[in-house]
Amino acid sequence: GSPAPRGTMATIAVKAAPHVSWRRTALGGAVAVGGFVILVGAWMLMRALGIGPAASLMSTGQLAEKDRVIVTEFRGPATDSLLGPTVTDAFRTDLAQSASLSVMPVNAVREALQRMQRPVGTRVDYALAREIASREGIKAVVDGDVVELGGGYVLSARLIAAQSGDELASFRETADSPSDIIPAISRLSKKLRERTGESLRRIQNARSLERVTTPSLQALQKYVAGVRALEEEGDWDRGRGLLEEAVALDTAFAMAYRKLAVELSNRFYPRTLVTATIQKAYDHRERLSETERYLTIAGYYQYGPRPDRARIISAYESLLEIDPANVAALNNLAVQMRARREWARAEELARRALAQQSAAVFFNNAAWSQMAQGKLDEAGRTLEAYRAALPRNPGVALATVLLHHLRGEYDAAEQATDSLRRARAGEPTVLQNTDFWLGVLASTQGQLAEAKRWFDSSNDAQMAMGVRVGALHKGLDEVWLDAWFRGNTERARARLDETMAAFPLDSLEAIERPYDRLVELYAMVGNVPRARAMLDAFDRRRAATELVDDDLARHAMLGHIAMAERRYSEAVREFRAGDGGRCGVCFLPEIARAFDLAGQPDSAIAALEQYLDTRTDPIDRAIEDGWSLAGSHKRLAELHDAKGNRDRAMSHYARLIDLWKNADADLQPHVKRARDRLAQLQRAER
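Quick summary incoming for the structure in this document. (Residues numbered from 1 in each chain as written. Predicted model: local features only at pLDDT ≥ 70, side-chain atom pairs only at ≥ 80, totals over all residues. Heavy atoms only, no water.)

### Things to note about the overall build of the chain
Looking only at helices and strands, the chain has 33 helices and 5 strands in total. Along the longest, intermediate and shortest principal axes, the C-alpha atoms of the chain span 130 × 60 × 55 Å. Counting across all 686 residues of the chain, residues that qualify as buried make up 51%. Pairs at least 24 apart in sequence give 59% of the contacts found in the chain among residues at least 6 apart. Summing over all exposed atoms, the chain offers an accessible surface of approximately 31,200 Å²; the carbon and sulfur share of this is 51%. Between the mean site of the 93 positive side-chain charges and the mean site of the 91 negative ones, the chain shows a separation of 4 Å. (Helix = DSSP H or I, 4+ residues; strand = E, 2+ residues; numbered from the N terminus. Buried < 20%, exposed > 50% of the residue type's maximum accessible area, 1.4 Å probe, protein only. Contact = heavy atoms within 4.5 Å. Areas by Shrake-Rupley, 256 points an atom, 1.4 Å probe, with all protein chains shown as cover. Lys, Arg positive; Asp, Glu negative; His and termini not counted. Charge placed at Lys NZ, Arg CZ, Asp CG, Glu CD.)

Here it is as structure tokens:
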């Protein structure tokens, strides 16, 4: 008794009813799904085989996985000079998430410009990008535009083969307002990544650009301007101010916090400020790309409140698993391997970085690691390549100084250092290094007055850079020379008290205070209560802010205190416990001295010969030789002489005489005694 349905749809349904059933509906659905699957499968197959419109650039052989690309500076509207650079930086950041392309980093572009004798701030337009690509073996160029249209913007990008100039692909996105620009950049980048042949799943799973950087275009503009001020103009005050404005606009802007922390650390700002800044980057690390996130984690465990070398290494290794060619991870992991004395691994990592980019730090790590292995000829070839690639970089000369030192070519080392000093006399960062090494070379040869003059100049350069502790070190250097070389502990003790009165530690941030050096000096002059007070202060600082190798430093301090208290066996144990850092020789002279004072000459000889024979980091070797090389030869000569080992005694007397032939007058009595005894042994041998 129901009323008959009325209306057009009802009429169609009544007519279709005899032809519709559940079985037919299910079968139709299956056919539709199957057809869709076939279409998708066919599209994916065409994409993989490089057939038809679905073909990717990789499947057609136009690009290979991890081919390098260079991004030009996007052309922006005339009304906004910062919009082009901002879009460029954001696009480069988003594209760097790609698993299929390797984007040339900004610092690599700047180094390429230097090799081309162009200013580092030169705008990299399409023509210049192609020239750089040709020189550096880069496969493709990404060129782009930002055009203002009404109240919105049109963003476009072209992928161009660097050698032929053929356009491989082009893309376009629109933004209705400035607030839509960052999402539009993200969409543009994803289109390019898809066209190259990157996994669609990875592209879809990638986080949007506003989550990787900042949703605030204004904050991003401040960040880009700040980075340019720092890296192109060298304007620290302006750069820092702009980065601080960026994080004020977006308090979760992790990239800006990370950059600020790195720059503060590089300029020796108080560790508490560096730690607080890297903490903020770490707290918002989910706002970073995968690459930046691992770099920030590594930075956190290096500069954060609880340093952990194992976690630093783990972060860099994790980054290399997803991006084996990441130069920052390769170089920084090489530094960590040097800290663990894994020289061969450090060299391999640095060479891998150099294969991607000719950077000064990569050359340094490669050459230093080769020197540490005794591969001096290979290190020389690395330095030749370094000089050819970066002729104006002061690191070339300083690394050459280390090579000369390892070969015992002290005159050549001095000439190389002095030449660099004359060429760059107006740069405090260069003078701080050159004058320090001139001081080390002078102290190695027993020229203590000259060494003090150079150390003072180096500390003055540090103070000109804003490093306040340089004033304290000027006084401590004089104490060290008196106590260690001249053996005048009474005068050294008086000078130490004068220095500490003139430069109270309270004037420095706790993290800047050289507690380890103060413990050593107080122990050396026999003021054990003050040495222990410095150790207690170190422990309080460590409880608040810890450095990576604080545990090793504490063992060394305990070793110095034990030496002052004549507990020589305990001193040896503590020095050995502290012997875990990069330097493989720094504690051996102290261990030998402890054995010597304990009446164990054979153990003292073994430790001193181990010091002379051990290969280690060339920086640490040069510094320790400045303090201990001559004294080690002197004491080995005396110990072997006492045991009747004539040949060995003669060899070490001769080395001491040659090393200190131009030593200061107050050290010449040691040279005369060595020369007289060598003559006696030579006459007896005849």
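### Brief notes about the sheet that holds strand β2 (residues 101–103)
Spatially, the 5 strands line up as an open sheet ordered β2-β1-β3-β4-β5, and their pairing is mixed. Sheet topology places β2 and β5 (167–175) at the edges, where each strand pairs with a single neighbour. Sheet twist, expressed as the mean angle between neighbouring strand axes with direction ignored, is 25 degrees. Both strand β1 (residues 67–71) and strand β3 (residues 140–149) contribute to a ladder of 3 bridges, which runs parallel. (Pairing = 2+ DSSP bridges. Axes fitted to C-alpha atoms, helices over the stretch in contact; angles between N-to-C directions.)

### Structural notes on the nonpolar core
Counting 180 residues, the largest nonpolar core has F91, L95, L155, I181, Y223, F253 and W660 as the members making the most contacts within it. The leading source of residues in this core is helix α31 (residues 618–643), at 8 residues. Among residues more than four places away in sequence, those in contact with L95 are V69, V71, L101, V103, V142, S189, L192 and R193. One finds A108, V109, L128 and A129 within the second-largest nonpolar core, a separate group that totals 15 residues. (Core = buried A, V, L, I, M, F, W, Y, C linked by side-chain atoms within 4.5 Å.)

### Concerning the layout of surface pockets
To locate leftover empty space, one rolls a probe as large as a water molecule over the atoms. One number sums up the size of the second largest pocket: a volume of about 640 Å³. Listed by contribution, the elements that provide at least two residues to the lining of the second largest pocket are α21 (428–444), α23 (470–485), α29 (588–597), α30 (601–613) and α31. By residue class, the composition of the lining of the second largest pocket is 14 nonpolar, 8 polar and 5 charged. (1 Å grid on protein atoms, 1.4 Å probe; cavity = no way out; pocket = protein on both sides within 12 Å on 5 of 7 lines; lining within 4 Å. Points joined across faces, edges and corners; volume = space filled by probe spheres on them. Nonpolar A, V, L, I, M, F, W, Y, C, P; charged D, E, K, R; others polar.)

### What to know about the pairing of strand β4 (residues 152–161)
Among the 10 residues in β4, 9 count as buried, and that is most of the element. In the sheet, β3 pairs with β4 via 10 bridges, with the strands oriented antiparallel. By the bridge assignment, A140 is partnered in β4 with A161. What sits between the antiparallel neighbours β3 and β4 is a turn of 2 residues, in which G150 has the positive phi angle 65 degrees. Across 8 bridges, β4 lies against β5 in antiparallel orientation. Each bridged residue has a counterpart across the sheet, and for V154 the counterpart in β5 is T174. What sits between the antiparallel neighbours β4 and β5 is a turn of 5 residues, in which G165 has the positive phi angle 80 degrees.

### Structural notes on α21
Helix length check: α21 (17 residues) gives 24 Å between terminal C-alpha atoms against 24 Å at 1.5 Å per residue, within 8%. Across the 17 residues that make up α21, a large majority, 13, are buried. The positive-phi residue at the C-terminal boundary of α21 is G446, with phi of around 75 degrees. (Expected span 1.5 Å × (residues − 1).)

### Observations regarding the environment of G84
Within the fold, G84 resides in helix α3 (residues 83–95). C-alpha of G84 to C-alpha of A684: the two residues are 600 residues apart in sequence and 83 Å apart in space.

### Focus on the packing of aromatic side chains
Summed over the entire model, instances satisfying the criterion amount to 12 aromatic pairs. An aromatic cluster of three or more residues is present, and its members are F436, W437, F455, W480, W484 and W627. The positively charged end of R158 is found above the aromatic ring belonging to Y126, 5.5 Å away from the centroid. The positively charged end of R621 is found above the aromatic ring belonging to Y611, 4.9 Å away from the centroid. (Phe/Tyr/Trp six-rings, centres within 6.5 Å; stacked < 30°, edge-to-face > 60°. Lys NZ or Arg CZ within 6 Å of the ring centre and 35° of its normal.)

### A word on the packing of helix α19 (residues 394–406) against α31
Two elements in contact, α19 and α31, have axes separated by 10 Å at closest approach and are oriented at 60 degrees. Relative to α31, the element α19 lies oblique. When the axes of α19 and α31 are compared, the crossing they make is left-handed. The segment α19 lies against α31, with L402, H405 and L406 engaging P618, I619, R621, A622 and D625. For the contact of α19 with α31, the per-class residue count stands at 5 nonpolar, 1 polar and 2 charged. (Parallel < 35°, antiparallel > 145°, perpendicular 65-115°, else oblique. Left-handed = near helix turned anticlockwise from the far one by under 90°.)

### Here's the deal with helix α33 (residues 668–685)
Three or four residues apart is the spacing at which side chains of an α-helix point the same way, because the helix has 3.6 residues per turn. Taking 1.5 Å per residue, 18 residues should reach 26 Å; α33 reaches 25 Å between its end C-alpha atoms and fits that length. Among the residues making up α33, those that are buried are V671, A674, L678 and L681. One side of α33 carries all its buried residues, which in axial view fall inside an arc of 95 degrees. Set apart from the buried face of α33 by more than 90 degrees, the exposed residues are K672, R673 and R683. Where the residues of α33 are buried, they touch α31 and α32 (646–659). (Arc of directions from axis to C-beta.)

### Here's the deal with the packing of helix α16 (residues 343–356) against helix α17 (residues 360–372)
When two helices pack together, their arrangement is captured by the angle between the axes and the distance separating the axes. At their nearest, the axes of α16 and α17 sit 8 Å apart, and the two run at 150 degrees to each other. When the interaxial angle is binned, α16 and α17 end up roughly antiparallel. The chirality of how α16 crosses α17 is left-handed. Two secondary-structure elements touch here, α16 through W343, A346, E347, A350, R351, A353 and L354 and α17 through F362, F363, N365, A366, S369, Q370 and A372. Residues belonging to the contact of α16 with α17 are distributed by class as follows: 9 nonpolar, 3 polar and 2 charged.

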